[in-house]
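Fold and contact review
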Amino acid sequence: MAASKDAAANKPGPAQAADKPAVPAVATKGDAKSKGIAVLEGLLGKESAPVIPLPERRNRIEPANKAGQTPVFFKKLRWRHTIIGASFLGLVAVPATFASLYMAFIAADQYHSTTSFAVRSIEGGVSTDILGMFTQASGGSTVSDSYILMDYLLSERMAADADRKFKLEDVYATRGLDYFYGIGSDLPIEEKLAYWRDMVSVNFDHASGIMQVNVKAFDPKQAREIAQFIVDQSDNLVNSLSLSARNDVLRAAQDEVLAGEARLSKARMGLRDYRDKSQEISPEEGAKLAVQLIGSLEQQLTQLNADLATAKSQMSEDTPRIRVLKTRIESLEQQLAVERQRLGTGERKTVTNDSRDVAGRIAEFEELETEREFAERAYTAALSSLEKARIEANNRQRYLALFIEPTLSQLAQYPARLLNALLVTLGLLFAWGIGVMSYYNIRDRA
């Protein structure tokens, strides 16, 4: 206790510490050792431990702000946070509230009518069960026709036809204060087409080939009437496409038949002219008769020569029998020369068109006959191709298979009020969040 009191009495006060000179930063080795021994002895209780003055802190804690004074940190954040909060209210909260109120109390009810159909072909036979009708895979041609039909339903021509039929400006006129979902008046066809695509949706399943059409309107009966009009127009389009494809297939085959018929007629006419000029049905038959005639003349000539030789052996040259035999032999030889010249085996002489030899007539006839036979075969093949094309065209006819008649809705399904309000809120919040993050990113990089 006495040591503690002495240590307390020897402790320098604040004034004395201020008056003392500054202790050098580096102490000697002996002073450091004596101080360590003194501290150790004080801890062991032998002597009072000397109090070692601590160096003053350089960084002192600033005194607290006076009452009523705003910190500088809050001054810097006040306007930035105020602007962010105001932007949230103006860009997210207020528009989302107005959108929710509009969907809840102003947006008019919309009813829908649904119909389902598919473009089918009778090629490959008809399915035996109803399941096969729905699961039968469509061919490439029916799929292409389905895409053509889908484009037609959302085309400007379809919108114009529906406008002439139903007057879209009256069917989809504004209901009450719902100017967002209604259509204006005196609009160009392009804007009517855009509104038509909003009210009519077409979904096509490539696997089954089924096309589903959903029509929206403010009145359920009008929605069903428009859906039925779409089915009728689709049926007309499919029938016209089928008829056009059938005519294209048959037209080529019919052209081939007409060309073959004209060629055959020309060949037959040439053969008829030849027969009229030659006055014979076939020169081949005439050649056969000429050969038979030449053979008969040669046989007679041979017999007369034998008779002449016999007569010469028995009679003199001046007898009437020998002169008769010689005259007959000369006549047969002349006749035989003429017949051989006509046949083409005799001596070649100048021949007129009317007295051509048999070989020339046969060559001309064979040429005409070959042309006629080829024309007949080509005409027969064209007729066969036409028949096959007609059967194939009949088998590939397209038709519209209606699976679901246009429905009549009893409960309004559109617009999706809660979903639309939620999407608007999320969209505004997302855009606002991107803007705030962009601001902080630019501020941190500045």
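Residues numbered from 1 in each chain as written. Predicted model: local features only at pLDDT ≥ 70, side-chain atom pairs only at ≥ 80, totals over all residues. Heavy atoms only, no water.

**As for the sheet that holds strand β4 (residues 398-404)**
Strands sit in the order β2-β3-β1-β4 across an open sheet of four strands; the sheet is antiparallel. If you trace the sheet from one side to the other, it starts and ends with β2 (200-204) and β4, each paired once. Averaged over all pairs of adjacent strands, the angle between their axes in this sheet comes to 25°, without regard to strand direction. Against the sheet, helix α9 (residues 189-199) touches β2 and β3 (210-217), its axis set at about 60° to β2. (Pairing = 2+ DSSP bridges. Helix = DSSP H or I, 4+ residues; strand = E, 2+ residues; numbered from the N terminus. Axes fitted to C-alpha atoms, helices over the stretch in contact; angles between N-to-C directions. Contact = heavy atoms within 4.5 Å.)

**Focus on the environment of Ile391**
Along the chain, the position of Ile391 falls in helix α13 (residues 358-395). Ile391 gets classed as partly exposed once you look at its relative accessible area, which sits at 44%. Between the C-alpha atoms of Ile391 and Leu250, which are 141 residues apart in sequence, the distance is 9.8 Å. (Buried < 20%, exposed > 50% of the residue type's maximum accessible area, 1.4 Å probe, protein only.)

**Topic: the nonpolar core**
If you look at the biggest cluster of nonpolar residues, it comprises 40 residues, and the most contacted ones within it are Leu149, Leu153, Tyr172, Trp196 and Ile230. By residue number, the principal contributor to this core is helix α10 (residues 220-278), which donates eight residues. Those residues in contact with Ile230, other than ones at most four positions away along the chain, are Leu153, Met158, Trp196, Val200, Val213 and Val215. Among the nonpolar cores identified, the runner-up in size contains 11 residues, and Leu304, Leu308, Ala311 and Ile329 belong to it. (Core = buried A, V, L, I, M, F, W, Y, C linked by side-chain atoms within 4.5 Å.)

**Let's talk about the confidence of the model for the protein chain**
Scored by pLDDT, the protein chain comes out at a mean of 76, with 71% of its residues at no less than 70. The model gives residues 57-67 a pLDDT under 50, and that stretch makes zero contacts with residues more than four places away or in other chains. With pLDDT under 50 throughout, residues 124-140 is counted as low confidence; its partners more than four residues away or in other chains account for 15 contacts. (pLDDT = per-residue confidence, 0-100.)

**Quick look at unusual backbone geometry**
Geometrically, the link from Tyr414 to Pro415 is a cis peptide bond, its omega value of -5° lying close to zero. Tracing the sequence through the fold places Pro415 in the loop between β4 and α14 (417-445). Although it is not a glycine, Lys167 sits at a positive phi angle of roughly 60°. Judged by relative accessible area, Lys167 falls into the partly exposed class, the value being 39%. The residue Asp186 is not glycine, and still its phi comes out positive at about 55°. The residue Asp186 is located in the loop between α8 (168-171) and α9 in this model.

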